[in-house]
Amino acid sequence: MEKLSDRLLSWATLIDEKTLAQARTTATMPFIHPHVALMPDAHLGKGATVGSVIPTLGAIIPAAVGVDIGCGMIAVRTQFSRAELEARDLSRLRKRIERAVPVSVGGYNRTVAETAEPRIAELEALAVEADFEPGSAASNWRLQLGTLGSGNHFIEVSVDEADQVWMFLHSGSRGVGNRIAMHHIGVAARLTKRAGIDLPDRDLAYLEEGTEEFDSYIRQLRWAQHFALLNREEMMDRVAAQVSEVMGETVVEAERINCHHNFTQSEEHFGARVWVSRKGAIQAEKGQPGLIPGSMGTASYVVTGKGNALSLNSSPHGAGRQYSRSKAKKTFTREQLREAMTGIEYRDSPAFIDEIPQAYKPIDQVMADAASLVEIRHTLRQLVNVKGD
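Since the model is a prediction, treat every value here as computed from it, not as a measurement.

1. A word on the pattern of salt bridges
Under the counting rule described, the total for this entry stands at 25 salt bridges. Asp-6 is the salt-bridge partner of Lys-3, the closest N and O atoms lying 3.1 Å from each other. Asp-6 shares its class with Lys-3; the two are exposed. A single salt-bridge network, built from bridges that share partners, covers Arg-119, Glu-233, Glu-234, Asp-237, Arg-238, Glu-253 and Arg-256.

Right, here's the structure in full:
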């Protein structure tokens, strides 16, 4: 860990000057308490750095939560072995998963699946409690539950160091969460402008606790975070059904972990009750299970938190980009992607070039930097990868 200032601590050994400058700017906001914590995977983001933990007193910066509210990971350890899985047709399994879970931008369900009905009922009840109509953000939000999205969202079937098979996926609150986030980022921008507040970056506009706008944001944020959690649960159940079908035996879950890495919640740190916004970071209380994915074609990790107080009990959420998507597409080739994905069943498409491992920080270095934050329980290697365009 490096102390960059009294208000900025960093666990990142691989970090560029623009990212550091952005984090330093965030750390100047007057309500930061006690400091911003930069995770090993930190990289440039909208307003606030991706891979940062931002504790605030009496205010929240909506852009510091991120536009995919509640984005995160879910993993399930099964009873199957690598040998049992590899004896099956992995191409068939990938295609079944792609049919069961809508992927890509705008890829939604045509009808509400029976498995999704109780989860939708739960979200409807939560919306009533929150005095929020999610249809005002996205009229088709019910059809979004159980869908993956694109970019760095993925579904994987992997094996750990003991050759045990895991199901692993990454997604968030989809279009409805994005609409909620963008609305409140806009509200914060208008309020700070109206109040004549001089911001070092307009995307650091904030909402003050005790106002109607703050309360509305928190209610809708919590709804979106829960949508994201249930979205992952719904997809995982569908993936498990496809694995069961291909294996000829129902999946028996030995363990299930579901965690956010774009979220805000109220916590106690350094003698104060603060709002902790983790933008590309997971909570890592002592003994708390967590998930840290690598990039496409590399390892992912099942971890346990160490409860590092200076990090605000947090850890990295993944590898962290080194190349923007546009730069990656100009720099790398389809052949390089194929080489990186050797031995992994995936859909061979040039659309995934920007997700090539070389576009990200080496996950091994990220995990080395995170040694004081989490303990590695399992290292997972992909056998099947599903992504959306």
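2. Quick notes on the sheet that holds strand β1 (residues 2-5)
Each strand in a sheet pairs with another by means of backbone hydrogen bonds, the pair being arranged parallel or else antiparallel. One open sheet holds the 6 strands; their spatial order is β1-β2-β3-β4-β12-β11, and the pairing between them is mixed. Of all strands in the sheet, those with a lone pairing partner are β1 and β11 (262-269), marking the two edges. Geometrically, the sheet is characterised by an average inter-axis angle of 25° between neighbouring strands, direction not taken into account. The pairing of strand β2 (residues 8-10) with strand β3 (residues 36-43) spans 3 bridges and is classified as parallel. Bridge pairing in β3 links Leu-8 to Val-36. Taken strand by strand, helix α1 (residues 17-27) contacts β1, β2, β3 and β4 (50-56), and its axis lies near 160° from that of β3.

3. So, the sheet that holds strand β7 (residues 154-159)
The 7 strands are arranged β10-β6-β8-β7-β17-β15-β14 in an open sheet whose pairing can be described as antiparallel. Lying at the two open borders of the sheet, with one neighbouring strand each, are β10 (255-260) and β14 (289-292). Put simply, the sheet's adjacent strands are angled 30° from each other on average, direction ignored. Strands in contact with helix α3 (residues 90-100) are β7 and β17 (374-387); relative to β17, the strand with the most contacts, it is inclined by about 90°.

4. A few points about the pairing of β7
With 6 of 6 residues buried, β7 is to be regarded as a mostly interior element. Bridging between β7 and strand β8 (residues 164-171) involves 6 bridges; their strand directions are antiparallel. Following the sheet pairing, Ser-158 is matched in β8 by Trp-166. Where β7 hands over to β8, the hairpin turn is made up of 4 residues, of which Asp-163 adopts a positive phi near 65°. Inspection of the sheet shows β7 paired to β17 by 6 bridges, in the antiparallel sense. The residue bridging Val-159 from the neighbouring strand is Arg-381, located in β17.

5. Comments concerning the packing of helix α6 (residues 174-194) against helix α7 (residues 212-247)
The N-to-C vectors of α6 and α7 enclose an angle of 160°; their axes lie 10 Å apart at closest approach. It follows that α6 is roughly antiparallel to α7 by the angle criterion. The chirality of how α6 crosses α7 is left-handed. Listed contacts from α7 to Arg-174, Val-176, Gly-177, Ile-180, His-184, Val-187 and Leu-191 of α6 are Glu-213, Ser-216, Tyr-217, Gln-220, Trp-223, Ala-224, Phe-227 and Asn-231. Taken together, the residues of the contact of α6 with α7 sort by class into 8 nonpolar, 5 polar and 2 charged.

6. A few points about a nonpolar patch on the surface
Together, Met-1, Phe-270 and Leu-310 give the surface a local cluster of nonpolar side chains, amounting to about 300 Å² of exposed area. You can see Phe-270 is positioned in the loop between β11 and β12 (272-279). Exposure remark for Phe-270: the relative accessible area of 45% places this residue in the partly exposed category.

Conventions and cut-offs
- Residues numbered from 1 in each chain as written.
- Predicted model: local features only at pLDDT ≥ 70, side-chain atom pairs only at ≥ 80, totals over all residues.
- Heavy atoms only, no water.
- Salt bridge = Lys/Arg side-chain N within 4 Å of Asp/Glu carboxyl O.
- Buried < 20%, exposed > 50% of the residue type's maximum accessible area, 1.4 Å probe, protein only.
- Pairing = 2+ DSSP bridges.
- Helix = DSSP H or I, 4+ residues; strand = E, 2+ residues; numbered from the N terminus.
- Axes fitted to C-alpha atoms, helices over the stretch in contact; angles between N-to-C directions.
- Contact = heavy atoms within 4.5 Å.
- Parallel < 35°, antiparallel > 145°, perpendicular 65-115°, else oblique.
- Left-handed = near helix turned anticlockwise from the far one by under 90°.
- Nonpolar A, V, L, I, M, F, W, Y, C, P; charged D, E, K, R; others polar.
- Patch = residues over 30% accessible without salt bridge, like charges linked within 9 Å, V, L, I, M, F, W, Y side chains within 5 Å.
- Areas by Shrake-Rupley, 256 points an atom, 1.4 Å probe, with all protein chains shown as cover.

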